[in-house]
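Remarks on the overall topology
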Amino acid sequence: QVQLVESGGGLVQAGGSLRLSCAASGRSFSDYAMGWLRQAPGKEREFVAAISASGGRKYYADSVKGRFALSRDSAENTVALQMNSLKPEDTAVYYCAAGPYFGQVKNQYNYWGRGTQVTVSS
């Protein structure tokens, strides 16, 4: 069992930055790949980024590549998503997820946080 809690969401103007954090409970954090997904109002949840358990592999969706950066700190049991050059299209609830294998398919991830709201104004 892994428990995840997201934080760092808020309201920002287009072109600004936010840093999201996901805190995982227990010492099993280092055994899991971590992913970030988002869901905009009226839209299906989409995959944003993922990082392997070791941190050696990363994935970014084309829509955020070059603007978002994912990192993890095993000592602190956290993963961070740095979001730069934000656009109104990035407005969504952002969810942290954990799974046994690195991948870009949302059903590969077994545990989920409750999400944090990111709103980007134009």
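This write-up is about the structure you can find in this document. (Residues numbered from 1 in each chain as written. Predicted model: local features only at pLDDT ≥ 70, side-chain atom pairs only at ≥ 80, totals over all residues. Heavy atoms only, no water.)

Turning our attention to unusual backbone geometry. A negative phi angle characterises most non-glycine residues, just as the trans form characterises most peptide bonds. With a phi close to 55 degrees, N77 is a non-glycine residue in the positive phi region. Examined against the element boundaries, N77 turns out to sit in the loop between β7 (68-73) and β8 (78-83). With relative accessibility at 17%, the residue N77 sits in the buried group. Phi at S85 is positive, roughly 50 degrees, even though this residue is not glycine. (Helix = DSSP H or I, 4+ residues; strand = E, 2+ residues; numbered from the N terminus. Buried < 20%, exposed > 50% of the residue type's maximum accessible area, 1.4 Å probe, protein only.)

With that settled, consider the pairing of strand β1 (residues 4-7). Residues of β1 alternate between two faces, with L4 and E6 buried on one and V5 and S7 left unburied on the opposite face. Two elements, β1 and strand β3 (residues 18-24), share four bridges in a ladder whose sense is antiparallel. Residue pairing for β3: V5 is matched across the bridge by A23. (Pairing = 2+ DSSP bridges.)

Strand order in the open sheet made by the four strands is β1-β3-β8-β7, with antiparallel pairing throughout. Both outer strands of the open sheet, β1 and β7, are each paired with one neighbouring strand and no more. Neighbour-to-neighbour, the strand axes of the sheet open up by a mean angle of 15 degrees, direction not taken into account. As defined by bridge partners, β7 adjoins β8 across six bridges and the pair is classed as antiparallel. Looking at the pairing, S71 lines up with A80 of β8. (Axes fitted to C-alpha atoms, helices over the stretch in contact; angles between N-to-C directions.)

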